[in-house]
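# Topology and contacts: notes
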Amino acid sequence: MQLLQNPLVENIKEQYAETDLAKTKAFAKEFKIKHPTHTWSSTDSVITWDFLCDMKIGPRLAISVKPRHLLNDRRTVEKLKLEKALALSLGYEHIITTDDQVKTEAVQNIFRILRGANLEPKLSAIYPDWITQFNLLVTDNIHTPISVQIEKLADRYNINFAESFTLMQHGFWVRDITSDPEEPIYPEYSPYILGMQIHA
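This write-up is about the structure you can find in this document. All figures in this text were calculated on a predicted structure; none of them were measured in a lab.

Per the stated rule, a full pass over the model turns up seven aromatic pairs. Where Phe 27 meets Phe 31, the ring centres are 6.0 Å apart and the plane angle is 15 degrees; that geometry is what we call stacked. Taken as a pair, Phe 27 and Phe 31 lie in helix α1 (residues 21–31) at a separation of four residues, close to a single helical turn. A relative accessible area of 16% places Phe 27 in the buried class. Here Phe 31 falls in the partly exposed class, since its relative accessible area comes to 22%. Ring centres of Tyr 186 and Tyr 189 lie 5.3 Å apart, and the angle between their planes is 70 degrees; on these two criteria the pair is classed as edge-to-face. Three or more aromatic residues link up through ring pairs in this structure, and these residues are Tyr 16, Trp 49 and Tyr 92. The residue whose ring lies beneath Lys 81 is Phe 31, and the NZ or CZ to ring-centre distance is 4.6 Å.

In structure tokens:
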């Protein structure tokens, strides 16, 4: 789902709940539809978007994910109407997608690299040289787990492993690094297994 890796996305929150029940109940009354309730108690439940994206420019994106086979289901249509009305009332853009577009390894990889979307100044200053050195190490060690190269560069730049790993995540986020979208980005995997390519 390329929408989630839009370069303008600063942060992504999963299962984001909007707690203003009065507003959603007012919309439900206006649309003459039943407000969502908790199945175990029949009390009103809050509206939840599957993803809420903070953007560098423009409105937040509220993304609703539904099973494709339920898109024409009456109750699903009603809930989507509430989710859209609430999003628009808050100044968000509302987008609907289906579960088959989200439940993929490629989308899971987006969340594996999300931490690197924005770098703190210290890491941002290191990144251009770090990615060059990472490229050299990966090229010479295609069958070695990438965690080994991340650790080596952590030592070289006097940063910890997590910071060095964040630099790799950033490389993926800005697409200086790409890999096979069907392979999970795990540090114990080698560049060969990942189908890793570095474009920096």
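That covers the picture; the talk isn't over yet.
Okay, the pattern of salt bridges next. In total, this model carries nine salt bridges according to the counting rule given. Across the salt bridge formed by Asp 100 and Arg 68, the nearest N and O atoms sit 3.1 Å from each other. Within this pair, whereas Asp 100 is found in helix α3 (residues 99–102), its partner Arg 68 is found in the loop between β3 (61–66) and α2 (74–89), the two being separated by 32 residues in sequence. Residue class for Asp 100 comes out partly exposed when judged on its relative accessible area of 42%.

Calculation rules
- Residues numbered from 1 in each chain as written.
- Predicted model: local features only at pLDDT ≥ 70, side-chain atom pairs only at ≥ 80, totals over all residues.
- Heavy atoms only, no water.
- Phe/Tyr/Trp six-rings, centres within 6.5 Å; stacked < 30°, edge-to-face > 60°.
- Helix = DSSP H or I, 4+ residues; strand = E, 2+ residues; numbered from the N terminus.
- Buried < 20%, exposed > 50% of the residue type's maximum accessible area, 1.4 Å probe, protein only.
- Lys NZ or Arg CZ within 6 Å of the ring centre and 35° of its normal.
- Salt bridge = Lys/Arg side-chain N within 4 Å of Asp/Glu carboxyl O.

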